[in-house]
Amino acid sequence: MASTTNEPLTEQEILNTYRQMQAEMQSLIQQLTKFEMERNEHALVEETLQPLDPDRRAFRLVGGVLVERTVREVLPTVKEHRANLDALVQNLKENLDSKQKGAAAWKAKYNIKTQEEVDAANRK
């Protein structure tokens, strides 16, 4: 007999789904960390270039090639990239939050306990 719901029926399927959710969250955390570091680098470059003379030479790495420009040309691009990274980081945080809520609901629904939770309960 086939079930009409999409939910797994066996304990193994339930655990596999939970582990998959955990793996997806871990992947999102890694991406979030990577893009936050990149955003911080862009902010640092922006802070460094801000007080400089707009006609001063600035070098920018484009596709592995170092290109000479002026601060006037580079600064708007750095600001735009940082703004894009801000939006991306915010989007990833929202996705991670929804995944965490989904995993917590799944865990509560099927009364899943991690090894740490089992150990803590046994110590009491």
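Fair warning: this is a prediction, and the values are worked out from it, not measured in the lab.

Reading the values: rules and limits
Residues numbered from 1 in each chain as written. Predicted model: local features only at pLDDT ≥ 70, side-chain atom pairs only at ≥ 80, totals over all residues. Heavy atoms only, no water. Phe/Tyr/Trp six-rings, centres within 6.5 Å; stacked < 30°, edge-to-face > 60°. Buried < 20%, exposed > 50% of the residue type's maximum accessible area, 1.4 Å probe, protein only. Salt bridge = Lys/Arg side-chain N within 4 Å of Asp/Glu carboxyl O. Helix = DSSP H or I, 4+ residues; strand = E, 2+ residues; numbered from the N terminus. Pairing = 2+ DSSP bridges. Expected span 1.5 Å × (residues − 1). Contact = heavy atoms within 4.5 Å.

Novice: Is there a simple way to think about the packing of aromatic side chains in this case?
Specialist: For any pair of aromatic rings, geometry is given as the distance between the ring centres together with the angle between the planes. The final tally for this structure, using the stated rule, is 1 aromatic pair. Each ring, one from Trp-106 and one from Tyr-110, has its centre 4.7 Å from the other, and the planes form 55°; the classification is tilted. Residue Trp-106 is classed as buried on the basis of its relative accessible area of 12%. Owing to a relative accessible area of 23%, Tyr-110 belongs among the partly exposed residues under this scheme.

Novice: For this particular structure, what's the right way to read the pattern of salt bridges?
Specialist: Where charged atoms from two side chains of opposite charge approach closely, those side chains can pair. With the rule as written, the count across this model stands at 9 salt bridges. Where Arg-82 meets Asp-86, a salt bridge forms, and the shortest distance between an N and an O atom there is 3.0 Å. Separated by 4 residues within a single helix, Arg-82 and Asp-86 lie in helix α2 (residues 71–109), roughly one turn from each other. Take Arg-82: its relative accessible area is 23%, and that puts it in the partly exposed class. Relative accessible area serves as the criterion here: at 27%, Asp-86 is assigned to the partly exposed category.

Novice: Can you help me understand unusual backbone geometry in this one?
Specialist: Most peptide bonds adopt trans geometry, and most residues besides glycine take a negative phi value. Positive phi is not limited to glycine here, since Asn-111 has a value of about 50°. Tracing the sequence through the fold places Asn-111 in the loop between α2 and α3 (115–123). Given a relative accessible area of 55%, Asn-111 falls into the exposed group.

Novice: Got a minute to help me understand the pairing of strand β2 (residues 65–70) in this structure?
Specialist: Side-chain direction in a regular strand flips from residue to residue, so the side chains alternate between the two faces of the sheet. In terms of strand pairing, strand β1 (residues 57–62) meets β2 through 6 bridges, oriented antiparallel. What sits directly across from Ala-58, in β2, is Arg-69. In textbook terms, the turn of a hairpin is the stretch between consecutive antiparallel strands, and for β1 and β2 this stretch comprises 2 residues, one of which, Gly-63, has a positive phi near 60°.

Novice: Sorry if this is basic, but what is going on with α2 here?
Specialist: Note on helix geometry: an α-helix contains 3.6 residues per turn, so any two residues three or four positions apart are oriented the same way. Taking 1.5 Å of rise per residue, the 39 residues of α2 would be expected to cover 57 Å, and the 56 Å separating its terminal C-alpha atoms lies within 8% of that figure. Of the positions making up α2, those classed as buried are Val-71, Val-74, Leu-75, Val-78, Leu-85, Val-89, Leu-92, Leu-96, Ala-103, Trp-106 and Lys-107. At its buried positions, α2 is contacted by α1 (11–49), β1, β2 and α3. In the stretch just after α2, Asn-111 is the one whose phi turns positive, near 50°.

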